[in-house]
Amino acid sequence: MGEHYDVIIVGTGAGGGTLAHTLAPSGKRILLLERGNFLPRGMDNWDPKTVFVDGRYISRDRWFDRDGKPFQPQVHYFVGGATKLYGAALYRLRPQDFGEIKHASGISPAWPLSYDDFEPWYSKAERLYQVHGNGGEDPTEGHRSEPYPWPAVSHEPRIQQISDDLAKCGYHPFHAPCGIMLNEADRPRSTCVRCTWCDGYPCLVHAKGDAEVIAVRPLLDQPNVTLLVNAEVERLQTDPAGRAVTSVVVSRGGSQEVYEADIVVVAAGAANSAKILLNSANDAHPHGLANGSDQVGRNYTFHNCKAIVALSKEKNDTVFQKTLGINDFYFATKDCQWPMGCIQMIGKSNAEAMRGEQPEKTMFAPNWTLSDVAEHAVDFWLTTEDLPVPENRVTTDKDGNVHLAYTSTNDEEADRLYAELKKILNHVGMAAHHVLRKNFYMSMDVPVAGVAHQAGTCRFGSDPATSVLDANCKAHELDNLYVVDTSFFPSIGAVNPALTAMANAIRVGEHLLSRMA
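Values in this document were obtained by computation on a predicted structure and should not be read as measured data.

1. Details of the pattern of salt bridges
Two side chains that carry opposite charge are able to pair once their charged atoms sit near each other. Counted according to the given criterion, the structure contains 30 salt bridges. A salt bridge links Lys 49 to Asp 54; its shortest N-O distance comes to 3.2 Å. Of the residues examined, Lys 49 reaches a relative accessible area of 37% and is grouped as partly exposed. With a closest N to O distance of 2.7 Å, Asp 479 and Arg 243 form a salt bridge. Taken together, the positions of Asp 479 in the loop between β20 (435-437) and β21 (481-483) and Arg 243 in the loop between β11 (231-238) and β12 (245-252) put the pair 236 residues apart, joining distant regions of the chain. According to the relative accessible area criterion, Arg 243 is partly exposed, its value standing at 35%.

Here's what the structure looks like:
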């Protein structure tokens, strides 16, 4: 048997990394287990061929879809988890997202906590992850107890022009909240150089507000914190009664290691956290840990997304493009009874990353090269809420492999949002027929592979019959097992989930500090 710790945390991303950062000052002995290693730094970090064409940083995992066909999920196993390659768009859920919302495909259920319950933790997470923004611009956002800790990232001229044009047409564009270490008032001292290699790339200069740089790396010299990399958790073991996790079984360096802890926290991502619990079945928990309700793995969500390239006659020489958002269609409008979702910018297109596109999709005229297309491109990301459906679920087979059964929801709403974007483009000098799907940004040909916004599978709630975790994200059926990644989400809203995971990790961390005290 291995060493004994006060807390073992499985995963170092937005949930696990932030939780460790919250707990570390207590002096409690903490073991962080990361399936991957530190992401290597090198010029390849900013090479679109390496990142998008070769997929160097995507895991070699093999999951299986509803029909048993294998696919490669776009997951990243590094210290910092999925945040190492995210776009650092750190939105709060809207206050209404915490209540029940009716959608075209069904109901988005209420959370056991309200926006008011979460608001202080959002403020703490924004301070920790250095979020830039302007409160009050987005008409759908909730109240704030504190202003953004940093001013919004400024628009470059072409994006400012689009923002001005939208405002003139009656829309409400806002500066997108962004977690980067950018000091525009003192650029020589700014860690961030405001390059184009942010969204979807690892940051070569460690200027992105990711969980490794912000939360984990500052802990590595502390004597009470131990990080083990290349340590994949196989299963959790319990006492004979099944009321407490006693040890964590880890595969590392070709051998099996076992570690004990008073409290065990799983934060491996919605699919892999469910996998760990399901693969930990024993006599006391024959269907998997915390799964007496048969809810572990169910209600998997990951957003109904579209990545769009719009072409304008004038060139778009923007470098850092992801500064604009539009939430005019987040909820029902006078023209549509259903919520549609969020429109925001994504990283600027470049020719190299577009190589995988079919020529007929990327060349609108015979004399246009991929470089021409990229130079004129303005890139949008459309997010529609994906509903928690019990049949959309993670299961595992006898060998422990992930099987992900998924069918999209709210397609009608997503299509309406796309139609609204086309209307918007007509107001800002971009023809609606010069629009294409940006397939290289996410594997749209295998929708289930795009797992960047995965959530659900271990929802929290007050009723053990319909949820896995209680309001503090402790498993109903075990006294010392917590889950603090996006698995706990009862619903996902239509904005990026990372900040909510970070805020919740701080909230649960402070609960654990009280418990351990």
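Anyway, onward from the coordinates.
2. Some points on the pairing of strand β18 (residues 393-396)
Pairing analysis gives 4 bridges linking β18 to strand β19 (residues 402-405), with the strands arranged antiparallel. The residue of β19 that forms the bridge with Thr 396 is Val 402. Following β18, the chain reverses through 5 residues before pairing antiparallel with β19; Gly 400 in that reversal takes a positive phi of roughly 85°.

3. A few points about the environment of Gly 81
Looking at the secondary structure, you find Gly 81 in the loop between β4 (70-71) and β5 (101-103). Taking relative accessible area as the criterion, Gly 81 reaches 12% and is therefore assigned buried. In this structure, Gly 81 is in contact with Thr 12, Gly 13 and His 76, ignoring residues within four places of it in sequence.

4. A look at the packing of helix α1 (residues 16-23) against helix α10 (residues 498-516)
Relative orientation of the contacting elements α1 and α10 amounts to 40°, with a least axis distance of 8 Å. By the angle class used here, α1 and α10 are oblique. The handedness of the crossing between α1 and α10 is right-handed. Two secondary-structure elements touch here, α1 through Thr 18, Leu 19, Thr 22 and Leu 23 and α10 through Met 502, Ala 505, Ile 506, Val 508, Gly 509, Glu 510, Leu 512, Leu 513 and Met 516.

5. Let's talk about empty space enclosed by the protein
Applying the stated criterion across every chain, the model contains 6 cavities of 30 Å³ or more. Considered as a void within the structure, the largest cavity measures approximately 110 Å³ in volume. The residue makeup of the lining of the largest cavity, split by class, is 5 nonpolar, 3 polar and 6 charged.

6. A few points about the packing of aromatic side chains
Tallying each qualifying case throughout the model produces 22 aromatic pairs. With centroids separated by 6.3 Å and ring planes inclined at 80°, the aromatic side chains of Trp 63 and Phe 71 adopt a geometry described as edge-to-face. Here Trp 63 matches Phe 71 in class, with each residue buried. Judged by centre distance (5.4 Å) and plane angle (40°), the rings of Phe 98 and Phe 118 are tilted. Pair noted here: Phe 98 is in the loop between β4 and β5 and Phe 118 is in helix α3 (residues 115-128), with a separation of 20 residues, a long-range link. Judged by relative accessible area, Phe 98 falls into the buried class, the value being 4%. Put simply, the rings of Phe 98, Trp 111, Tyr 115, Phe 118, Tyr 122, Phe 460, Phe 488 and Phe 489 pair up and form one aromatic cluster. Sitting above the plane of the Tyr 148 ring, Arg 144 keeps its charged end 3.8 Å from the centroid. Geometry around Tyr 418 places Lys 422 over its ring, the cationic atom sitting 4.6 Å from the centre.

7. Considering the environment of Asp 262
Topologically, Asp 262 is positioned in strand β13 (residues 255-266). Overall, Asp 262 belongs to the partly exposed group, its relative accessible area being 43%. In the structure, Asp 262 is positioned 254 residues away from Met 516 in sequence and 9.4 Å away in space, judged by C-alpha atoms. Setting aside anything within four residues of it in sequence, one finds Asp 262 in contact with His 4, Tyr 5, Asp 6 and Asn 480.

Thresholds, definitions, all that
- Residues numbered from 1 in each chain as written.
- Predicted model: local features only at pLDDT ≥ 70, side-chain atom pairs only at ≥ 80, totals over all residues.
- Heavy atoms only, no water.
- Salt bridge = Lys/Arg side-chain N within 4 Å of Asp/Glu carboxyl O.
- Buried < 20%, exposed > 50% of the residue type's maximum accessible area, 1.4 Å probe, protein only.
- Helix = DSSP H or I, 4+ residues; strand = E, 2+ residues; numbered from the N terminus.
- Pairing = 2+ DSSP bridges.
- Contact = heavy atoms within 4.5 Å.
- Axes fitted to C-alpha atoms, helices over the stretch in contact; angles between N-to-C directions.
- Parallel < 35°, antiparallel > 145°, perpendicular 65-115°, else oblique.
- Left-handed = near helix turned anticlockwise from the far one by under 90°.
- 1 Å grid on protein atoms, 1.4 Å probe; cavity = no way out; pocket = protein on both sides within 12 Å on 5 of 7 lines; lining within 4 Å.
- Points joined across faces, edges and corners; volume = space filled by probe spheres on them.
- Nonpolar A, V, L, I, M, F, W, Y, C, P; charged D, E, K, R; others polar.
- Phe/Tyr/Trp six-rings, centres within 6.5 Å; stacked < 30°, edge-to-face > 60°.
- Lys NZ or Arg CZ within 6 Å of the ring centre and 35° of its normal.

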